[in-house]
Amino acid sequence: MAARSDDAVVIEVDGHEVRVSHPGKLVFPDAGLTKRDLVDYYLAVADGALRGAGGRPMVLKRFVKGIDREAFFQKRVPEQHPDFIDTATLHYASGTEAEETVVRDRAGLAWVVNLGCIDLNPHPVRAEDLDHPDELRVDLDPMPGVEWSQIVDTAFIAREVLSEHGLVAWPKTSGSRGMHLNVRIEPRWSYPELRLAAEALAREVTDRAPGLATARWWKEERGETVFVDFNQNAKDRTVASAYSVRPLPDARVSTPLDWDEVRTARPEDFTVTTVLRRFAERGDPAAGIDDATGSLDGLLALAERLGPAEKPPRGADASGRRTSTMPLIELARTETKPEALAALEEWRTRHPAAAAALHPADVLVDGMRGASSLWYRVRVNLQHVPEGERPPQEPLVADYDPWAGRRPD
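From a predicted model like this one, the values you see are computed outputs, not experimental measurements.

Cut-offs used in this document
- Residues numbered from 1 in each chain as written.
- Predicted model: local features only at pLDDT ≥ 70, side-chain atom pairs only at ≥ 80, totals over all residues.
- Heavy atoms only, no water.
- Helix = DSSP H or I, 4+ residues; strand = E, 2+ residues; numbered from the N terminus.
- Rg over C-alpha atoms; globule rule 2.2 N^0.38 Å.
- Buried < 20%, exposed > 50% of the residue type's maximum accessible area, 1.4 Å probe, protein only.
- Contact = heavy atoms within 4.5 Å.
- Areas by Shrake-Rupley, 256 points an atom, 1.4 Å probe, with all protein chains shown as cover.
- Lys, Arg positive; Asp, Glu negative; His and termini not counted.
- Charge placed at Lys NZ, Arg CZ, Asp CG, Glu CD.
- Pairing = 2+ DSSP bridges.
- Phe/Tyr/Trp six-rings, centres within 6.5 Å; stacked < 30°, edge-to-face > 60°.
- Lys NZ or Arg CZ within 6 Å of the ring centre and 35° of its normal.
- Core = buried A, V, L, I, M, F, W, Y, C linked by side-chain atoms within 4.5 Å.

Asker: Now, about the overall build of the chain: what can you tell me, with residues and values included?
Answerer: Each helix and strand in the chain was counted, giving nine helices and 19 strands. Since a compact globule built from 409 residues should have a radius of gyration of about 22 Å, the 22 Å found for the chain is in line with a globular shape. When its C-alpha atoms are laid out on the principal axes, the chain stretches across 70 × 50 × 45 Å. Out of the 409 residues in the chain, the part that is buried amounts to 52%. A sequence separation of at least 24 residues applies to 68% of the contacts in the chain between residues at least 6 apart. For the chain, the accessible surface area stands at approximately 18,800 Å², while carbon and sulfur atoms represent 48% of it. Distance from the positive charge centre (52 side chains) to the negative charge centre (67 side chains) of the chain: 2 Å.

Asker: I'd like to hear about the pairing of strand β3 (residues 16-20), residue by residue, with values.
Answerer: One ladder, built from five bridges, connects strand β2 (residues 9-13) with β3; its direction is antiparallel. Across the sheet, Glu12 pairs through a bridge with Glu17, a residue of β3.

Asker: Talk me through the pairing of strand β8 (residues 86-91); I want residue IDs and the actual numbers.
Answerer: Taken together, the six bridges between β8 and strand β9 (residues 97-102) define a ladder with antiparallel strand orientation. Bridge pairing links Ala88 to Glu100 in β9. Between β8 and β9, which pair antiparallel and follow one another directly, the connecting turn spans five residues, one of which, Gly95, has a positive phi of 95 degrees.

Asker: Lay out the packing of aromatic side chains in plain terms, naming residues and giving numbers.
Answerer: In this description, a pair of aromatic rings is defined by centroid distance and the angle of the planes. Here the structure, examined in full by the defined rule, presents six aromatic pairs. Between Phe227 and Phe230 the ring centres are 6.3 Å apart and the planes differ by 70 degrees, which places this aromatic pair in the edge-to-face class. Pair check on accessibility: Phe227 and Phe230 agree, each one buried. One aromatic cluster in this structure is built from Trp217, Phe227 and Phe230. Against the face of Tyr92 rests Lys75, its NZ or CZ located 3.8 Å from the ring centre. Taking NZ or CZ as reference, Arg222 lies 3.6 Å from the ring centre of Phe227, over its face.

Asker: Please provide a residue-by-residue account of the nonpolar core, values included.
Answerer: Of all hydrophobic cores here, the largest spans 94 residues; its most connected members are Val245 and Leu296. Aside from chain neighbours lying at most four places away, what touches Val245 is Phe28, Leu38, Tyr41, Tyr42, Ile118, Asp119, Ala251, Arg252, Val253 and Val272. Core analysis: the next-biggest nonpolar cluster, separate from the first, contains 17 residues, Ala343, Leu344, Val365 and Val380 among them.

Now the structure itself:
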């Protein structure tokens, strides 16, 4: 490897030269992991990481200011990219298009990590066929207050439903609190059909496990359940893929599992350090996923039997906007999550009695996609506060506008 004047190194990866700038920069201070450590991790688990993200267009989620700052999302491939980086042009519902990055080899993994990508966020399509997804993604997203055992129970029910409809589920930790089930399908169906199949799955899981799981799209209506997030199968959505390192202080990894270890595993067990050892010792539990391709016909037939999903009520002001059935108030809109949590604490201080009556799932801190990064909205559901004691909607504690300067006058 050769040194550069800006403390960069050039490493050789399978015959390609990849420049890594500031390799000694601490990316995960608590875990003691540098940028070069992150590159070396992805090179070591490349077979598994490429099985999840290789050959797919991906959004570059770049943490250029560190994991404690918000990432920015870059759809378009950098203009100056090496010849071992492929591209694919995606067309979005907004009418825009973007030539996105496609990684196909170990050198590509090292290159995107050098850009500040900590996790990998590919679309569920191959670059050769952008209109027909080849993966159904089941995101089991727990509401606050939900224990791991409830997520596991939901995962086994989802596995059962998928199996009954001719599909094989491959589990992995999300790298945060939840779990993902990946399902390979034949690339014959459109995105709307994929989402309809995923919604039918979510509704069936909910019917079999009432109170355990939910398919309700609106967060305030879920309670302390596991949300079977079918909308991750909508066009333009991406999910952190297998072996992605997540931006948490312990350098946690989204890790494929065998079904016989799902009940005993815990998300915090899988970090860069432990996954390196695990991968070297046993390889990838999802190594057979590409040989288990299935059909959506069964789930689409289920969707037909279930009929149209319940639609939320609409307002009476002719706007067509949804009207919540819950007593919601909005507290803040902020640029960062720490600011959102600080605003929540300020509101709690102002209204201690109402705050004490809230259940964990009543506090709604949502990351919202802005123009190129996340912003945060804070709301509370006052359903557990006696009606006469509910604080009114007040001026926001913080009122960040993610679109400031981007709208025409």
